[in-house]
Amino acid sequence: MVNVGVFGYGTVGSGVVEVISKNAEVIRKNVGDSVKVKAILDLRDFPGDPYESLIVHDVENIVGDPEISVICETMGGVGAALKFTEMALKAGKSVCTSNKELVALHGPRLLELAKENKCNYRFEASVGGGIPIIRPLMNALTADKLVKVTGIVNGTTNYMLTKMTANGADFGDVLKEAQDLGYAELHPEADVEGFDAARKLAILSSLIYGKTVNFEDIPTEGITRISAGDIAYAKALKYKVKLLAKYEDGESGAYAMVAPFFVGEDNPLYNVDDVFNAIAVRGNMLGDAMFYGKGAGKLPTASAVVGDVVECAKNIGVNVPVNWADETVKLSGFEGSKKSFFVRVAAAESAKAKASFDGLTEVKAQSADEYAFITKKMSEKDFAEKTSSFGAEKVLNYIRIED
Ligand code: HSE
């Protein structure tokens, strides 16, 4: 019998308990032993809950229990969750988490702690919810040099952009609707400013690079500046606007970035709508592969956490190494990376635009007040310098175009 402890009986934590209970038989077959939840740590009581008797309020009841060998950390946050994870790993108990903030901030140190204590730290659910992407990066794709990862990794913003495309609605209206439906939080900054996607990309990039890519170092733009006007241009050009998290090891070196992009119909990410996520990877031997599915939600996320429990249960007393050293790397390729840009400027700026952006392609303007065009491929640095020479208020908006 493999006994499991759960830190936090919220949405994902209760999903974990449900998955372990409902899928007990398939989990038993996959592990080669039964897996059972023995204790659940939460500040609250849950009178009438079927697992009420498993609730404990003192972390020692779990980390000090020699019969518990695997713990699911589904508390969230980086305070108590970090402290309790450290206690668990020091006690030689593997920890499986959905906590992307904690992984992005402290992942390599916790992996090291797991190694020292002959247990494991796993975080499949921290990126892409139920979609397997971390384990493929750690295991299946390890014979390849990954040269490109392009993901839609934030369900909230993908839902909002999908609605803006379907209804021609503006950002503010769609945000309100998403909040009313529970798809966006009351304080939606982490999602709409791209920070959530940047944290997830930092985890993916670190696993690819083998060293820590700090999310604060990832150039990040959210979707707050995307208007109904931009969406109208996208439609006219047969594009959709998608918030992409990109890692690329290109001519100018490796870089990671998060920003809204125009994505064309022939790109598989074009059809990833609503709250769905997808991550496309390109390996130097593999070519292209894509992972698609539900990026959030109680049971998909819990399924990923419990998938990690199965792996940890198969490796009790054994640390399975992960290629993520506790050493920071600054990816330097962003400024030199080349893309085409869709740009809207005030109509009075058209002559200057033609002179500045050699070889631009004009786009039919959606308003008499403006001039719109697509640049040739140019570096980020070159684009930033050219647009700043216009003055910020004269560039109405710009959106990168995904290849
Ligand atoms: N806020 C996140 C999203 C939740 O919208 O994707 C899942 O990480």
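Residues numbered from 1 in each chain as written. Predicted model: local features only at pLDDT ≥ 70, side-chain atom pairs only at ≥ 80, totals over all residues. Heavy atoms only, no water.

(A) Structural view of the layout of surface pockets. Approximately 1000 Å³ is the volume attributed to the largest pocket. What lines the largest pocket is a set of 35 residues, among which Lys-100, Glu-185, Asp-196, Ala-296 and Gly-297 lie closest to the centre. Among the elements that line the lining of the largest pocket, the one with the most residues is helix α10 (residues 195–209), at three residues. By residue class, the composition of the lining of the largest pocket is nine nonpolar, 17 polar and nine charged. Both of domain 1 (2–129 + 298–321) and domain 2 (136–293) provide at least three residues apiece to the lining of the largest pocket. Its boundaries defined by the atoms lining it, the second largest pocket holds a volume of some 340 Å³. Taken together, 20 residues line the second largest pocket, and the ones lying closest to its centre are Leu-137, Asp-144, Leu-207, Ile-208 and Asn-323. (1 Å grid on protein atoms, 1.4 Å probe; cavity = no way out; pocket = protein on both sides within 12 Å on 5 of 7 lines; lining within 4 Å. Points joined across faces, edges and corners; volume = space filled by probe spheres on them. Helix = DSSP H or I, 4+ residues; strand = E, 2+ residues; numbered from the N terminus. Nonpolar A, V, L, I, M, F, W, Y, C, P; charged D, E, K, R; others polar. Domains from an automatic or database assignment.)

(B) Representation of the site of the ligand within the structure. What surrounds the ligand is the set Lys-100, Val-153, Asn-154, Gly-155, Thr-156, Asp-191, Asp-196, Lys-200, Gly-295 and Ala-296. Lys-100 has a polar side-chain atom sitting 2.7 Å from an oxygen atom of the ligand. Contact with the protein chains removes 78% of the 260 Å² of surface that the ligand exposes when unbound. For the shell around the ligand, the elements supplying multiple residues, two or more each, are α7 (155–167) and α10. When its residues are assigned to classes, the shell around the ligand shows two nonpolar, four polar and four charged. (Near = heavy atom within 4 Å. Polar contact = N/O pair within 3.5 Å; in protein donor to acceptor, adjacent residues only side chain to side chain. Areas by Shrake-Rupley, 256 points an atom, 1.4 Å probe, with all protein chains shown as cover.)

(C) Just the domain arrangement of the protein chain, in detail. Taken domain by domain, the protein chain comprises domain 1 (2–129 + 298–321), domain 2 (136–293) and domain 3 (338–401). With centres defined by C-alpha atoms, the gap from domain 1 to domain 2 works out at 28 Å. At the junction of the two partners, domain 1 supplies 12 residues and domain 2 supplies 12 residues. Between domain 1 and domain 2, the buried area comes to about 1100 Å², and carbon and sulfur atoms account for 75% of it. Our count for the contact surface shared by domain 1 and domain 2 stands at one salt bridge. When the shortest N-O distance is used, the salt bridge between Lys-100 and Asp-196 registers 2.8 Å. Linking domain 1 to domain 2 there are one residue pair in polar contact (both at pLDDT 80 or more). Examining the composition of the side of domain 1 that touches domain 2, we find that six residues originate from one element, helix α5 (residues 100–116), more than from any other. Residue composition of the side of domain 1 that touches domain 2, by class: six nonpolar, two polar and four charged. (Contact = heavy atoms within 4.5 Å. Buried area = accessible area lost by both parts, 1.4 Å probe. Salt bridge = Lys/Arg side-chain N within 4 Å of Asp/Glu carboxyl O.)

(D) Local environment of the environment of Val-174. Within the secondary structure layout, Val-174 lies in helix α8 (residues 171–180). Along the chain, Val-174 and Gly-194 lie 20 residues apart, while their C-alpha atoms are 17 Å from each other. Filtering out sequence-adjacent residues up to four positions away, Val-174 remains in contact with Met-160, Lys-163, Met-164 and Ala-169.

(E) Structural context of the pattern of salt bridges. Following the criterion strictly, the structure yields 32 salt bridges and no others. Between Asp-217 and Lys-330 there is a salt bridge, with its nearest N and O atoms 3.3 Å apart. Separated by 113 residues along the polypeptide, Asp-217 in the loop between β8 (211–212) and α11 (228–236) and Lys-330 in the loop between β13 (325–328) and β14 (338–346) bring together distant segments of the chain. Since its relative accessible area comes to 35%, Asp-217 is described here as partly exposed. Note that Lys-386 is salt-bridged to Asp-382, the shortest N-O span being 3.6 Å. Here Lys-386 and its partner Asp-382 are both found in helix α14 (residues 380–388), four residues apart, which amounts to about one turn of the helix. (Buried < 20%, exposed > 50% of the residue type's maximum accessible area, 1.4 Å probe, protein only.)

(F) Representation of the packing of aromatic side chains. Using the criterion set out here, one finds 16 aromatic pairs in the structure. Grouping aromatic residues by their ring pairs yields a cluster made of Phe-341, Phe-357, Tyr-371, Phe-373, Phe-383, Phe-390 and Tyr-398. Of note, Arg-225 hangs over the ring of Tyr-398, and the distance from its end group to the ring centre comes to 4.6 Å. (Phe/Tyr/Trp six-rings, centres within 6.5 Å; stacked < 30°, edge-to-face > 60°. Lys NZ or Arg CZ within 6 Å of the ring centre and 35° of its normal.)

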